[in-house]
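A look at the structure
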Amino acid sequence: MNYKYKDWLMQIAFTFGAILFAMFIGSLVIMFIGKNPITVYQSMLQFTFGRSDSIGAILFKSTPLIFAGLAVALSFRVGLFNIGAEGQYFIGALAASIVGFSLQGLPWFIHLPLVILAGMAGGMLWALIPALLKVKRGAHEVITTIMMNYIAYSVVHYFVADLFLDKAQNLPKGYGSPMVRMPKILESARMPTMHDFVGIFGVEMPRYIYLNWFFVIGILLAIAVYILIWKTPFGMEIRAVGQNPHASETVGIQSKKVYLKTFLISGAIAGLIGLSDLLGYIGYMDTDFPRGYGFTGIAVALLANNNALGVVLAALLFGFLRRGAEGLQAIEQIPMDVVVILEGVIILSIVVASQLMRRYFKTQEKKREKESQKTSASDGDKEGLENVE
Amino acid sequence: MLALVLVLSLTLLAGCGSKDDAKQDAPAPAPTGEEPLKIGLVFDVGGRGDLSFNDMAYAGLERAKLEYGDKIEIEYLEPAGSGDNREELMRLLAQQGYDLIFGVGFMFTEHIDKLSKEFPDVKFGLIDGYIPDLTADSNVVSLLFTEHEGSFLVGAAAALKSENNSIGFIGGMQIPLIQKFEAGYMAGAYYVNPDIKIQSDYIGTTGDAFRDPVKGRELALSQYQRGADIIYHAAGASGTGLFEAAVQTGNLAIGVDADQSLTVSEAQRSHVLTSMMKRVDVAVYNTIVDLVEGNFEGGYHMFGLAEEGVGYAVNDFNREMMADIVDELEVIKGKIIDGEIVVPVDMEDLAEFKASLGN
């Protein structure tokens, strides 16, 4: 118990070190553009935590990243690099959107679940192709999923700007431009926001914060993924194949089957990434649909060390950074490019610090194992096992 | 584990943050007569430095600042890479008590529609986007252009100047707005020479298509190789690749939105035949002037050929090149303004237009 306390302190020290380091590098960048770093940081914190709307905005912004992180982390667990969450969520959102505007007259409790299922099916479909290529032909999933991303962008464009272009926008002929979007999703398929719910606790969230129930679904899903990986036989197979597919074969695990199944589940989760924006905020699919969540999801998963619960926290960190970035832009007048640099520096230093930390704990672990072997039969430390992986 | 610590540290940081000062989310006080008017602008994808659409909007903002100095305060923002925080950025400006906020591009349509209701005291300028049922009392002015008419003229110019009877078009994304440029350009070329060969390519299927000079260059090279000797682009910052290709192959290019002869490098200048001017700068500037003078009106402002809102550029660098065709272009321009020529706005109209030329 004693060393656990020490570990905990070390973790805090490392993380703070990382944040301080990031702030230091960030200060140089901020000074370079002629601003005072202290006032900039101050206003960023004030903006993100001193305003009633920012907390809701952070949670809303982290919602898609929870799904993205989970999708990527799950595939990482089985040793596959799903770079294709990006394309999978685009296709998922496309499928959800089509079901969302085309099925009329359904009550919400049928329509909404159908739309969510369509999203998952879309993501799964887009994961199926690379998964089959992987297990049948041995094609490397990084290459195939990246290519599938490009195809997904183009497929969505074809549907949005051509096949299903919403023509019901009565523009005067020749003047201006219509929105390039599909028809609006029906009310019965929209995800309700959490205003009423937080209202019960006396919290009044501004109307323009689109925090919706996908945030809660995301957290529940994180718990489910955690249980899947650590508490089920299939999860054991995932971990075994992820660590050594050949060794797993010798103990009777069919690694190809495990690959296929895990990749499909990862794709289905990825299909949910875009739905918080689609069903909770925007309400239609357009050429401007938010991009990049799939890629950010990789960073989220790495930061969380592929731990499902860690994904939630890492996603919140990203949500915080993004909200802070908006404040820096709009209030401190920091250009977008500098904001992007700052975000990059912060993420990089935290990743480096966490790697250093992991090494430190690994060596500590080994020391302890040796000691415990000397003293007596050790009691298995499950937490330790998690850290080693 | 690590992440748990992260959150702990974040909450700690939060503690520091809230200690700092009093809250600042109180709405800014309404501007009094003496205070400068605050004017904000949020760019479309491509952002500042595209030497085209966004930079034109900025030019209008800058000109107003030069002219009105202390009377106005300006601020411009660029949305994050994927553009998904447009609405949030605009809202933050509105919350800070900005008086007039521009959204550069039709992608702002829905956001400005929402925000204008949320902030009835803030004025909004929407470029290229159409919100139905605006009136003079609305707090939104929709600034609309007839890009197809301007494109018709540069299409005619290209056809008149082409030696191979072969020209090209490069668009950013295949969307109705850019197809307007394409249809107008092709119609203008066919009007002059019904047998002309026109190649057309689009750069991409996401907003990135408007900031991909490498792809712009590749497409241009390939069109030049297949015989085109003049290429017109409507691809924002990707268009810089076209000018490079024009120099490399010794052909001509036509710029868009801004008078691009003025912004390209010296070596490229002699390769820019003309530019299709879309006077976003005038639209922005006029709207600011209206606000400062107290004449702001909501509704729709149309910028067509007659209003000089669109047109072709003649400057010190291309005057010689254009000298032999300007007269003819002016005649065509007159016909469009008089309604004698109805310029097609999309591919369907173009087919009809082309058929009507046969007779």
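The rules we used
Residues numbered from 1 in each chain as written. Chains lettered and ligands numbered in written order. Predicted model: local features only at pLDDT ≥ 70, side-chain atom pairs only at ≥ 80, totals over all residues. Heavy atoms only, no water. Helix = DSSP H or I, 4+ residues; strand = E, 2+ residues; numbered from the N terminus. Rg over C-alpha atoms; globule rule 2.2 N^0.38 Å. Buried < 20%, exposed > 50% of the residue type's maximum accessible area, 1.4 Å probe, protein only. Contact = heavy atoms within 4.5 Å. Areas by Shrake-Rupley, 256 points an atom, 1.4 Å probe, with all protein chains shown as cover. Lys, Arg positive; Asp, Glu negative; His and termini not counted. Charge placed at Lys NZ, Arg CZ, Asp CG, Glu CD. Pairing = 2+ DSSP bridges. Axes fitted to C-alpha atoms, helices over the stretch in contact; angles between N-to-C directions. Domains from an automatic or database assignment. Buried area = accessible area lost by both parts, 1.4 Å probe. Salt bridge = Lys/Arg side-chain N within 4 Å of Asp/Glu carboxyl O. Polar contact = N/O pair within 3.5 Å; in protein donor to acceptor, adjacent residues only side chain to side chain. Nonpolar A, V, L, I, M, F, W, Y, C, P; charged D, E, K, R; others polar. Parallel < 35°, antiparallel > 145°, perpendicular 65-115°, else oblique. Patch = residues over 30% accessible without salt bridge, like charges linked within 9 Å, V, L, I, M, F, W, Y side chains within 5 Å. Left-handed = near helix turned anticlockwise from the far one by under 90°. Phe/Tyr/Trp six-rings, centres within 6.5 Å; stacked < 30°, edge-to-face > 60°.

1. Topic: the overall build of chain A
In terms of regular secondary structure, chain A is built from 16 helices and zero strands. The C-alpha radius of gyration computed for chain A amounts to 23 Å, which stays within 12% of the reference 21 Å derived for 389 residues, consistent with globular compactness. With the C-alpha coordinates of chain A rotated into their principal frame, the extents come out at 85 × 60 × 45 Å. Considering chain A as a whole, with its 389 residues, one finds that 56% of them fall into the buried category. In chain A, the proportion of contacts linking residues at least 24 apart, taken out of those at least 6 apart, comes to 73%. Accessible surface, chain A as shown: approximately 17400 Å² in total, 67% of it carbon and sulfur. Separation between the mean location of the 32 positive side-chain charges and that of the 26 negative ones in chain A comes to 5 Å.

2. Re the sheet that holds strand β9 (residues 252–257) of chain B
All names here are of chain B. If you walk across this open sheet you meet the six strands as β7-β6-β8-β9-β10-β12, and the pairing is mixed. Of all strands in the sheet, those with a lone pairing partner are β7 (197–204) and β12 (310–312), marking the two edges. Strand after strand, the sheet turns through a mean of 15° between neighbouring axes, direction not considered. When strand β6 (residues 166–173) meets β7, the two strands line up parallel, connected through seven bridges. Residue pairing across strands places F169 opposite S200, the latter belonging to β7.

3. Brief notes about the domain arrangement of chain B
Residue and element names in this part refer to chain B. Looking at the assigned domains, one finds that chain B contains domain 1 (35–145 + 282–303) and domain 2 (148–277 + 324–358). Listed by partner, the interface residues are twelve residues for domain 1 and 15 residues for domain 2. Interface of domain 1 and domain 2: buried area, both sides summed, is about 1100 Å²; carbon and sulfur atoms make up 64% of it. At the boundary of domain 1 with domain 2, the tally comes to zero salt bridges. Summed over the shared surface of domain 1 and domain 2, the result is four residue pairs in polar contact (both at pLDDT 80 or more). Taken together, the residues of the side of domain 1 that touches domain 2 break down into seven nonpolar, three polar and two charged.

4. Observations concerning the sheet that holds strand β2 (residues 72–77) of chain B
Residue and element names in this part refer to chain B. Taken together, the six strands give an open sheet; going across it, the order is β2-β1-β3-β4-β5-β11, and neighbouring strands pair in parallel fashion. Both outer strands of the open sheet, β2 and β11 (299–303), are each paired with one neighbouring strand and no more. Taking the axes of each pair of neighbouring strands and ignoring which way they run, one obtains an average angle of 15° across the sheet. Where strand β5 (residues 140–145) meets β11, five bridges bridge the pair, whose relative direction is parallel. What sits directly across from V141, in β11, is G299. Those strands touched by helix α4 (residues 109–118) are β3 (100–104), β4 (123–127) and β5, and its axis lies near 170° from that of β4.

5. Details of the pattern of salt bridges
Residues and elements named next belong to chain B. Counted under the stated rule, the structure contains 29 salt bridges over all chains. Put simply, E147 and K180 hold a salt bridge, and the shortest N to O gap is 2.7 Å. In this pair, E147 is assigned in helix α5 (residues 147–161) and K180 in helix α6 (residues 176–192), connecting sequence segments 33 residues apart. For E147, a relative accessible area of 0% puts it in the buried group. On the basis of relative accessibility, which here comes to 4%, the residue K180 falls in the buried class. Residue R319 pairs with D316 through a salt bridge whose shortest N-O separation is 3.0 Å. For D316, a relative accessible area of 65% corresponds to the exposed category.

6. With respect to the packing of helix α3 (residues 52–77) of chain A against helix α11 (residues 255–270) of chain A
Geometrically, a packed helix pair is captured by the angle between its two axes and the distance between the axes. Residue and element names in this part refer to chain A. Close contact between α3 and α11 brings their axes to 8 Å; oriented N to C, the two are set at 170°. By the criterion of interaxial angle, the relationship of α3 to α11 is roughly antiparallel. Here α3 contributes F67, L70, A71, L74 and S75 to the contact with α11, which in turn contributes T262, I265, S266, I269 and A270.

7. Some details on the interface of chain A and chain B
The partner chain B presents 68 residues to the 62 residues of chain A that form the contact. Buried area between chain A and chain B, summed over both chains or domains, comes out near 5800 Å², and the portion from carbon and sulfur atoms is 62%. When the buried area of chain A at its contact with chain B is split by residue, Y175(A), D288(A) and R291(A) rank highest and sum to 11% of it. There are five salt bridges connecting chain A and chain B.

8. Some remarks on a nonpolar patch on the surface
Residue and element names in this part refer to chain A. Taken together, the side chains of L103, W108, F109, I110, L114 and L117 present a nonpolar region at the surface, about 610 Å² in accessible area. Mapped onto the elements, W108 comes out in helix α5 (residues 108–137). Given the relative accessible area of 56%, W108 is considered exposed.

9. Observations concerning the environment of I185(A)
Residue and element names in this part refer to chain A. By the element assignment, I185 lies in the loop between α6 (141–163) and α7 (195–200). In this structure I185 comes out as buried when scored by relative accessible area, which is 5%. Discounting residues that sit within four places of it in the chain, I185 has contacts with S97, G100, F101, R190, L278, L279, G283 and Y284.

10. Concerning the packing of helix α7 (residues 213–225) of chain B against helix α8 (residues 239–249) of chain B
Residue and element names in this part refer to chain B. For the pair α7 and α8, the least separation of the axes is 7 Å and the interaxial angle reads 40°. Here α7 is positioned oblique relative to α8, judged by the angle of their axes. In terms of crossing hand, the pair formed by α7 and α8 is right-handed. When α7 is examined against α8, the residues P213, G216, R217, A220, L221 and Y224 are found in contact with a partner set consisting of T240, G241, L242, E244, A245, A246, Q248 and T249. Broken down by class, the residue content of the contact of α7 with α8 amounts to seven nonpolar, five polar and two charged.

11. What to know about the environment of Q223(B)
Residue and element names in this part refer to chain B. Tracing the chain through its elements places Q223 in helix α7. C-alpha of Q223 to C-alpha of D121: the two residues are 102 residues apart in sequence and 50 Å apart in space. What Q223 contacts, discounting residues up to four positions off in sequence, is G168, F169, I170, Q199, S200, D201, A228 and I231. A polar contact of 3.1 Å, which involves the side chain of Q223, links it to the backbone oxygen of F169.

12. A word on the packing of aromatic side chains
All names here are of chain A. Taken as a whole and assessed by the stated rule, the structure comprises 27 aromatic pairs over all chains. Ring geometry for W108 and F109: centres 6.1 Å apart, planes at 85°, overall edge-to-face. Ring centres of Y158 and F159 lie 6.0 Å apart, and the angle between their planes is 85°; this geometry places the pair in the edge-to-face category. Since its relative accessible area comes to 43%, Y158 is described here as partly exposed.

13. Observations concerning unusual backbone geometry
In this structure, Q333(A) takes a positive phi of about 60° despite not being glycine. Take Q333(A): it is sitting in the loop between α14 (308–330) and α15 (336–375). With a phi angle near 55°, N165(B) is a residue other than glycine that sits in the positive phi range. Secondary-structure assignment places N165(B) in the loop between α5 and β6. Owing to a relative accessible area of 39%, N165(B) belongs among the partly exposed residues under this scheme.

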